[in-house]
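Descriptive structure summary
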Amino acid sequence: MNLFLSSDADEYIILLINSISVSEFEKFIKAIDKKEDWIEELCCCYFETENNKDYYRFETFEGNTYKLFYEKFIEYVKLAIIRYYLGNKSDEMKKSLRETIKNTIFEQVLDNIDSSLAIDVPLIYGM
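Conventions and cut-offs
- Throughout this description, residue numbers start from 1 for each chain and increase along the sequence as written.
- Predicted model: local features are reported for residues with pLDDT of at least 70 only, side-chain atom pairs are reported and counted for 80 or more only, and whole-chain, interface and lining totals are derived from all residues.
- As a convention, hydrogens and water are excluded, and side-chain values are obtained from all of the structure's heavy atoms.
- Every angle, taken between N-to-C directions, lies between 0 and 180 degrees, and every axis is a line fitted to C-alpha atoms, over only the stretch in contact when it is a helix.
- Under the scheme used here, helices are H or I runs from DSSP no shorter than 4 residues and strands are E runs no shorter than 2 residues, and both carry numbers assigned from the N terminus.
- Just so you know how the angles are binned, under 35 degrees is roughly parallel, over 145 roughly antiparallel, 65 to 115 roughly perpendicular, and the rest oblique.
- Rotating anticlockwise by less than a right angle from the far helix to the near helix defines a left-handed crossing, while the corresponding clockwise rotation defines a right-handed one.
- Any two residues whose heavy atoms approach within 4.5 Å are treated as being in contact.
- Each residue is assigned to one class: nonpolar for Ala, Val, Leu, Ile, Met, Phe, Trp, Tyr, Cys and Pro, charged for Asp, Glu, Lys and Arg, and polar for all the others, Gly among them.
- In this analysis, strands are considered paired if DSSP registers two or more bridges between them.

Our focus in this paragraph is the packing of helix α2 (residues 22–33) against helix α4 (residues 91–101). Close contact between α2 and α4 brings their axes to 9 Å; oriented N to C, the two are set at 20°. Our classification of the angle between α2 and α4 gives roughly parallel. Considering only the axes of α2 and α4, their crossing is right-handed. On α4, the residues that touch V22, F25, E26, I29 and K30 of α2 are M93, L97, E99, T100 and I101. Partitioned by chemical class, the residues of the contact of α2 with α4 number six nonpolar, one polar and three charged.

Structure (structure tokens):
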């Protein structure tokens, strides 16, 4: 098993987050909020503490394993939440997302976002 803590991890975490279906996204958010592992067919993330530092270790589709500092991993999840929110046209789905992140470390991530930054393709895809 190869463990990398590098900029390559950045692109792979985006791929992994993209692999999470909308129907599983709420469970993913709750697991990450509690620093739990997330294991799904296409996305595996494991919370670890090493030398008093927190990490998320995750595996790519090619079998490589990467580690990101917990704070950086959380920033990617926040980006996914924002992009999904801005890229979603349904008010019901937006309301559901707000409920999903309520009472989590992500609760305030949608405060003060600029809707002019909306993109055509959200980071999290519906299935």
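We now examine the pairing of strand β4 (residues 53–59). The pairing of strand β3 (residues 44–50) with β4 spans seven bridges and is classified as antiparallel. If you follow E48 over to β4, its bridge partner there is Y55. Between β3 and β4, which pair antiparallel in sequence order, lie two residues; one of them, N51, sits at a positive phi of approximately 50°. The pairing of β4 with strand β5 (residues 65–69) spans five bridges and is antiparallel. Its bridge partner lying in β5, E59 is registered against T65. Joining the antiparallel neighbours β4 and β5 is a turn of five residues, in which G63 adopts a positive phi near 95°.

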